Amino acid sequence: MPQHLGAIALLIRDYDEAIDWYTGTLGFTLVEDTALSADKRWVLVAPPGAPQTRLLLARAADATQEAAVGSQGGGRVWLFLHTDDFAADHARMIAAGVRFLEPPRHEAYGSVAVFEDLYGNRWDLLQRAE
């Protein structure tokens, strides 16, 4: 039986600010936004063209989770956004206000640049070498 990850939970401070950033700034698609209770929602976003790759935007529910917002990767890159047009996506993201921590690098494995999301989580924008 084939398997795939249905979603990766990403701790956030606020649903609406996270939806706005991931859809407006990164260009992700809002897949679902369902109220589960008065203060809890099931919010899924996906990169364009990759509907099975989903982030569950999970609002921090206690002090321990709040402390982990923006540091789920322990200060290292832990999310990898693959692209088939690095230059165009990099330029679009800069124009949208994404904060890159370095200029693009061209490595043996492909073109890459590290950026931070609105909470400080580190991502790679990556176009794999052929």
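Above this text is the structure in question.
Cut-off values and rules
Residues numbered from 1 in each chain as written. Predicted model: local features only at pLDDT ≥ 70, side-chain atom pairs only at ≥ 80, totals over all residues. Heavy atoms only, no water. Buried < 20%, exposed > 50% of the residue type's maximum accessible area, 1.4 Å probe, protein only. Helix = DSSP H or I, 4+ residues; strand = E, 2+ residues; numbered from the N terminus. Arc of directions from axis to C-beta. Phe/Tyr/Trp six-rings, centres within 6.5 Å; stacked < 30°, edge-to-face > 60°. Pairing = 2+ DSSP bridges. Axes fitted to C-alpha atoms, helices over the stretch in contact; angles between N-to-C directions.

Novice: Account for helix H3 (residues 86-95), with residues named and values stated.
Specialist: Buried within H3 we find Phe-86, His-90 and Met-93. On an axial view of H3, the arc spanned by its buried residues comes to 65°, and they lie on one face. The exposed residues of H3 that point more than 90 degrees off its buried face are Ala-87 and Ala-95. Gly-97 sits one or two residues past H3 and shows a positive phi near 100°.

Novice: If you had to explain the packing of aromatic side chains to someone new, which residues and values would you point to?
Specialist: With the rule as written, the count across this model stands at six aromatic pairs. Their ring planes at 50° and their centres at 5.9 Å tell us that Tyr-22 and Phe-28 sit as a pair that is tilted. By relative accessible area, Phe-28 is classed as buried at 6%. Ring centres of Phe-115 and Trp-123 lie 5.6 Å apart, and the angle between their planes is 20°; on these two criteria the pair is classed as stacked. Residue classification places Phe-115 among the buried residues on the basis of a relative accessible area of 0%. Members of the aromatic cluster, each reached through a chain of ring pairs, are Trp-21, Tyr-22, Phe-28, Phe-100, Phe-115 and Trp-123.

Novice: An account of the sheet that holds strand S1 (residues 8-12) is requested, with residue identities and associated values reported.
Specialist: With respect to topology, four strands assemble into an open sheet ordered S1-S4-S3-S2, the strand pairing being mixed. At either end of the open sheet lies a strand with only one pairing partner, and these are S1 and strand S2 (29-35). Here the strands of the sheet are splayed against their neighbours by 25° on average, with no regard to which way each runs. Taken together, the two bridges between strand S3 (residues 41-46) and strand S4 (residues 55-59) define a ladder with antiparallel strand orientation.

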